[in-house]
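As a plain string of letters, each chain reads:
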Amino acid sequence: MKTTKNAPNPLVVVVALASTAAVVTITLLRYKRQRHQRQKYQQEISMRGLTRGQVLEIRRAHLAGNLSLSFSRTPTGPLCVLSGEGTYLYDHHDDGTRTPILDCVNNVAHVGHSHPRLARVALAQLQAVNTNTRYMHPTRVAYARKLIATFPSPLREEGVVFFVNSGSEANDLALRIARCHAGGSRETIVLGSAYHGHTESLIEISPYKYQGKGGFHPPAYVHQVSAPDMYRGRYRCHEPEPRGDRANPPPSKAPSAPNSPPSPPLFGNVSSPPHPAPPVPSVGPSPPPPSSSPSSPPAPSQSEPAREDSTGAANGLSAAAVGQLYANEVGSVCQQLIRDKKRLGAFIAESLLGCGGQLVLPPTYLQRCYDFVRTAGGVCIADEVQVGFGRVGWHFWGFESQGVCPDIVTMGKPMGNGFPLGAVVARRELAAAFVGGGMEYFNTFGGSNLSCAMGEAVLDIIQDEGLQTNARVTGEYLKRQLHERLQGPFPQVVGDVRGLGLFLGVECIAGSDGARGGGGRAGEKESGRDEKHQPVAGEEQEGRDEKHQPVAGEEQEGRDEKHQPKEFDTWMPVPAPEAAAWIVARARMLGVQLSVDGPEENVLKIKPPLCFGQREADRLVGVLERAVGEYVGKGGGGEEGGGGGGRRRDAAGGELGKWGGGGGREGDSPHVNKKDMSRGNLGHREMPRKENVGGGKNGK
């Protein structure tokens, strides 16, 4: 009988099995040793033999007192974070236990805390070489090309990259480039409540800083216009906030450079259904292309806006009309500079306002502003430090939601997922003017091999893991839940829910129902600005007294004596910073990290890592629903006894029990100062009670 295969040699089989067993054993031992080393590092190196109290004491002794420390005056105390994973940070305790905290505010860990892919990239590059831009390296140019491919035209064809270490460095360099292009002009237009960085050149163009504690009067070349707040701002809108895919028409595409067809973008915009933006009243003829010499910009529109918007809301304006009125202020500044024979250097604005209160710009606002600025010979700078890299969901860059393409784009925070990395992308013409000045530009660490490897890995992870799509889908789901489970049941506390993607804000108000479309309290002076707020641009030229300084373009709008259009005087929600601080402190006790922002510090800001999914969204909404319900139940929200009016479910359907309660005792009332949440003032409270992971009860 023939056999097709020889019988296996028993010795060969034994050797093969032994080899396999040896490989498995070695792998398990290696994993066990690595795990033991990680645990030993966390215990012996990270804590360095110190208790939480000792860490806090040494911090107070040797670090500057104006370094913020979150939750330092809340019942739970500050966090001691030695590790994190995905959307969670872990608050470590002296007995070796740790409490998971759902991180809903960290827009630096863009793809999640401790992403293993980034750890591998960093280790591999450090084991090879880490040098500066004076040496050639393929990773640097590959990353530059891949980064520029994410932009719309004409930046995709004409973009030049400057690598830096942070968003502050990026904005500082952007100002240098713009001023060089403008012949040295420092005239700059900024938005109210804006924040662009911590250097001296940026603090003086950041109202968030120079109007705050320890601030100063800005230089004469800084022209502040109103923040385009459609809810509590100078001009207000009663119609629902437009969706991210409907806010504006798609960006206009400039012709491609000859013999250089554009490559497909690495990350595309989400396809928009056929819902055009609302019609916008004309602000004059279309401006000519930007030129090197300033000319008179088109005059701001002086036409009377419609008395009823497209949704039929009485006594209000459409979002498009509100955008026109805010943009007219920029046009008025441009006209005044022309009359004064001064050239505009730059207009800088975040694509969505962060410190201004998580604001989505009105439709076509940036289009109109950019037209005014470019006609006046200025440079348009988009600050994407907080909102770029797919966070808004519908687009990879926030400015794309406005249908524009800036002259310069700055970026930072999420660019390296926590590794120091920032960049400026400028049109080639502007970069050439900066280079032509003759001064060498060099940055020791900006554009290093390691930083570029990390930045490229972040781009790859965003694409490979579909994080931009997740930001859109999860963000829309979360915003809908916030509307239905917070703003609906608790209109006396939650006045507005707004944002795009995973960049959301919840505005807390006091008194009667002040939700969008409701009838909040009226009578606040000058759009809610108190005496500490500086007047905006154009005031000195108008010749008004200090008490009633108008903003730019005010005369055209027919103000009354209080400089507020009469049609708006019946509707003004009252900010509630105490409510926002109480809710944030209570959420921290329930295992969720939030913070507040906005000029009145009454806006809950939500900007988690982009791996934040529906499960995390459900938990966040459950905790907020519980916290707001408790606040109303204790008499908050302007009603004695409150009544709540909402569902009082366990946070996120029992999820809180699984993860523990964040260190506070159930029923604790978080008495906090509103400054503690956003500024993190140092306190002197003892360390809180703690619990094991999955402890199931608050306050072990």
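No experiment lies behind these values; they were computed from the predicted model shown. (Residues numbered from 1 in each chain as written. Predicted model: local features only at pLDDT ≥ 70, side-chain atom pairs only at ≥ 80, totals over all residues. Heavy atoms only, no water.)

**Considering the side chain of arginine 179**
And then number 1: Relative to the elements of secondary structure, arginine 179 occurs in helix α6 (residues 167-181).
And then number 2: The charged side chain of arginine 179 is buried without a salt bridge, its nearest counter-charge being glutamate 204 at 4.6 Å.
And then number 3: Not counting the four nearest positions on each side in its chain, arginine 179 is found in contact with Gly184, Ser185, Arg186, Thr188 and Tyr221. (Helix = DSSP H or I, 4+ residues; strand = E, 2+ residues; numbered from the N terminus. Buried < 20%, exposed > 50% of the residue type's maximum accessible area, 1.4 Å probe, protein only. Lys, Arg positive; Asp, Glu negative; His and termini not counted. Salt bridge = Lys/Arg side-chain N within 4 Å of Asp/Glu carboxyl O. Contact = heavy atoms within 4.5 Å.)

**Let's talk about the side chain of histidine 115**
And then number 1: When you line up the elements, histidine 115 lands in the loop between β3 (98-103) and α3 (116-128).
And then number 2: A distance of 3.2 Å separates a polar side-chain atom of histidine 115 from the backbone nitrogen of arginine 117.
And then number 3: Setting aside anything within four residues of it in sequence, one finds histidine 115 in contact with Ile461 and Glu465. (Polar contact = N/O pair within 3.5 Å; in protein donor to acceptor, adjacent residues only side chain to side chain.)

**Considerations on the UniProt feature "transmembrane region" (unreviewed entry) in the chain**
And then number 1: Here the UniProt-annotated "transmembrane region" (unreviewed entry) positions come out as residues 12-31.
And then number 2: Across residues 12-31 one finds 100% helix and 0% strand; the C-alpha atoms that close the span lie 29 Å apart. (UniProt positions renumbered as here; feature names shortened; annotations may be inferred.)

**With respect to unusual backbone geometry**
Residues other than glycine predominantly adopt negative phi, and peptide bonds predominantly adopt the trans conformation.
And then number 1: The peptide bond linking serine 153 to proline 154 adopts the cis configuration, its omega dihedral lying at 5°.
And then number 2: Tracing the backbone shows proline 154 in the loop between α4 (138-148) and α5 (155-158).
And then number 3: Although it is not a glycine, lysine 341 adopts a positive phi angle of roughly 60°.
And then number 4: If you trace the backbone, lysine 341 turns up in the loop between α9 (319-339) and β7 (346-350).
And then number 5: One non-glycine residue, phenylalanine 389, lies in positive phi territory at about 65°.

**Some thoughts on the nonpolar core**
And then number 1: Counting residues in hydrophobic clusters, the biggest one holds 110 residues, and the most contacted among them are Leu147, Phe163, Val330, Phe347, Met411, Leu482 and Leu620.
And then number 2: Two domains each provide a minimum of three residues to this core, namely domain 2 (116-241 + 317-465) and domain 3 (469-512 + 572-634).
And then number 3: Core analysis: the second largest hydrophobic core is formed by 24 residues, Leu173, Leu175, Ala426 and Phe434 among them. (Core = buried A, V, L, I, M, F, W, Y, C linked by side-chain atoms within 4.5 Å. Domains from an automatic or database assignment.)

**Here we look at the pattern of salt bridges**
And then number 1: The final tally for this structure, using the stated rule, is 17 salt bridges.
And then number 2: Its salt-bridge partner being aspartate 464, residue arginine 117 comes within 2.9 Å of it at the nearest N-O pair. Of this pair, arginine 117 sits in helix α3 while aspartate 464 sits in helix α12 (residues 449-464), placing them 347 residues apart in sequence.
And then number 3: Arginine 427 is the partner of aspartate 407 in a salt bridge, and the nearest nitrogen-oxygen pair spans 3.0 Å.

**Re the sheet that holds strand β5 (residues 188-191)**
And then number 1: Spatial ordering of the open sheet is given by β4-β12-β11-β10-β7-β5-β6, a layout of 7 strands whose pairing is mixed. Looking at strand neighbours, the two that pair on one side only are β4 (159-164) and β6 (222-225), the edges of this open sheet. The mean angle between the axes of side-by-side strands here comes to 20°, regardless of whether they run parallel or antiparallel.
And then number 2: When strand β11 (residues 408-411) meets strand β12 (residues 422-427), the two strands line up antiparallel, connected through 4 bridges. Residue pairing for β12: methionine 411 is matched across the bridge by alanine 423.
And then number 3: In the packing of α6 onto the sheet, the strands contacted are β4, β5, β7, β10 (379-383), β11 and β12, and the crossing angle to β11 comes to about 165°. (Pairing = 2+ DSSP bridges. Axes fitted to C-alpha atoms, helices over the stretch in contact; angles between N-to-C directions.)

**Comments concerning the sheet that holds strand β1 (residues 81-85)**
And then number 1: Ordered by their spatial adjacency, 4 strands build an open sheet running β1-β2-β3-β16, and the pairing between neighbours is mixed. Because the sheet does not close on itself, it has two edges, and the strands there are β1 and β16 (592-593).
And then number 2: Pairing of β1 with strand β2 (residues 88-92) involves 4 bridges; the strand directions are antiparallel. Paired with serine 83 across the two strands is tyrosine 90, which belongs to β2.

**A look at the pairing of β10**
And then number 1: The buried fraction of β10 amounts to 5 of the 5 residues, a majority that puts the element mostly inside the structure.
And then number 2: By the bridge criterion, 5 bridges tie β7 to β10 in an arrangement that is parallel. Residue pairing in the sheet places alanine 346 in a bridge with valine 379 of β10.
And then number 3: Pairing analysis gives 3 bridges linking β10 to β11, with the strands arranged parallel. Considered in β11, the bridge of isoleucine 381 is made with isoleucine 408.

**What about the pairing of β4?**
And then number 1: Among the 6 residues in β4, 5 count as buried, and that is most of the element.
And then number 2: Judged from the 6 bridges that link them, β4 and β12 form a sheet pairing that is antiparallel. Each bridged residue has a counterpart across the sheet, and for valine 161 the counterpart in β12 is valine 425.

**Structural notes on the packing of aromatic side chains**
And then number 1: As enumerated under the stated definition, the model contains 14 aromatic pairs in all.
And then number 2: Counting every residue linked through ring pairs, the aromatic cluster contains Phe151, Phe389, Phe396, Trp397 and Phe399.
And then number 3: In this arrangement the basic side chain of arginine 98 is found over the ring face of tyrosine 90, its NZ or CZ atom lying 3.8 Å from the centre.
And then number 4: In this structure, arginine 134 is placed above the aromatic ring of phenylalanine 442, and the distance from its NZ or CZ to the ring centre is 3.7 Å. (Phe/Tyr/Trp six-rings, centres within 6.5 Å; stacked < 30°, edge-to-face > 60°. Lys NZ or Arg CZ within 6 Å of the ring centre and 35° of its normal.)

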